[in-house]
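Report on the structure
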Amino acid sequence: YIDQPGTINNETCTRDAWEVASGQLIINDHEKLGSGAFCVVFKGRLEGKAPVCKIQPGVVTQCFENCEVAVKKLPEYADSSAKEDFVQEIDFMKRIGYHPHLISILGCIIGPHLDSCLIIEYCCNGDLLKYIRKRRLEIVEPVVDEETALRFKDLLSFAWQISDAMDFLSSKGYIHRDVAARNVLVNERKVAKIGDFGLCRLMDSTTYTTRGGRLPIKWMALESLQDYEYTTKSDVWSFGVLLYELFSLGAAPYSWLQPVDMIAYLRSGKRLDKPEHCADNVYSIMQECWKDKPDERPFFSDLKMEFSTLLSCAT
Ligand code: ADE
């Protein structure tokens, strides 16, 4: 598909096949789905077909048409580095292609400056962190509603789905750099999808600098904290922290530590403790992800296999 600036009537233009006519999109300004320091997500509705339906005819994807969507925009006060990140995020989503456990881009509107918006699939259960926190009580005391109740098997399934998405991303040479439960969305069928690619970069795009307050310190591998070194294996470390969030049903990692004390804590060899009720074999997987030496950590393909095995044994 076309995702490069193209030419229409010999004029170079930035419009592309992903662009949605503004009349097709209704944004509900009153229904904010989320907001960070650097973006706002609103609920919206797409009238007619999403461009993805038109331009990937041979690929089996869900067709999005007359449906609820999420619309990501930059706030008015966004600085130039936030704008640059947003453009990169849109660009990344156009390129990556369909995967069942990555949020799909449905289209975008490229407006002048800040009016650009990214239209993505809507996940009615919101982010994974809030989703599991809400179900803390239900897992201890099973609820009546079988469909919505969260079971140990669901947690394993989420872990498998996310490792599957990360295996796909890493096989294409991408480093996510912000793997965390808050960045995973859950749809109506308990399907987990990685939903934020704001920090995602190709492996060969060299050095990364710290941009004040934007780093997910408690999810970062020791080498990323010390030397700003990011690899697939630092994503594996963050995935281990995501497992901790998942199997503690939403505990905040290192809640007793100030971010500035993280390096010393990890350098002394200390790691997060096993969450209450967490199975030993699942905790062993987390510990593998937090090995000092990146090379000793598993690959996402290994993690995917381990969770697949655990899932097949779970009831
Ligand atoms: N919050 C952020 N993105 C979202 C999405 N795509 N669906 C639902 N809630 C969201």
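Under an unreviewed UniProt entry, the protein has the name Protein kinase domain-containing protein and belongs to Plectus sambesii.

How two aromatic rings sit relative to each other is given by the distance of their centres and the angle of their planes. Scanning the entire structure with this criterion turns up eight aromatic pairs. Note on F239 and F300: the rings are 5.7 Å apart at their centroids and 80° apart in plane angle, and the pair reads as edge-to-face. One end of the pair, F239, is in helix α7 (residues 232-247); the other, F300, is in helix α10 (residues 300-313), and 61 residues separate them in sequence. Taking relative accessible area as the criterion, F300 reaches 1% and is therefore assigned buried. Between W256 and Y265, the ring centres sit 6.4 Å apart and the planes meet at 65°, which makes this aromatic pair edge-to-face. Residue Y265 is classed as buried on the basis of its relative accessible area of 14%. Site record: aromatic cluster; members linked through ring pairs are F239, F300 and F307. The positively charged end of R177 is found above the aromatic ring belonging to Y230, 5.2 Å away from the centroid. Against the face of W219 rests R182, its NZ or CZ located 4.3 Å from the ring centre.

The predicted model of the protein has a mean per-residue pLDDT of 85, with 82% of residues at 70 or higher. Segment residues 1-14: pLDDT under 50, and 21 contacts once partners within four positions in sequence are set aside and those in other chains are kept. Ignoring residues within four places in sequence, the model shows residues 206-212, a span with pLDDT below 50, making eleven contacts including any to other chains. Both confidence scores are given for the complex: pTM 0.88, ipTM 0.97.

Turning our eyes to something else, we now look at helix α2 (residues 80-96). The end-to-end C-alpha distance of α2, which contains 17 residues, comes to 24 Å, matching closely the 24 Å that a straight helix rising 1.5 Å per residue would cover. Restricting attention to buried positions, one finds in α2 the residues A82, D85, F86, E89, I90, F92, M93, K94 and I96.

This part takes up the pattern of salt bridges. Going through the model one piece at a time under the given rule, you end up with 18 salt bridges. We note a salt bridge from K274 to D280, for which the minimum N-O separation is 3.6 Å. Residue class for K274 comes out partly exposed when judged on its relative accessible area of 36%. The exposure class of D280 is exposed, given its relative accessible area of 55%.

What counts as what
Residues numbered from 1 in each chain as written. Predicted model: local features only at pLDDT ≥ 70, side-chain atom pairs only at ≥ 80, totals over all residues. Heavy atoms only, no water. Phe/Tyr/Trp six-rings, centres within 6.5 Å; stacked < 30°, edge-to-face > 60°. Helix = DSSP H or I, 4+ residues; strand = E, 2+ residues; numbered from the N terminus. Buried < 20%, exposed > 50% of the residue type's maximum accessible area, 1.4 Å probe, protein only. Lys NZ or Arg CZ within 6 Å of the ring centre and 35° of its normal. pLDDT = per-residue confidence, 0-100. Contact = heavy atoms within 4.5 Å. Expected span 1.5 Å × (residues − 1). Salt bridge = Lys/Arg side-chain N within 4 Å of Asp/Glu carboxyl O.

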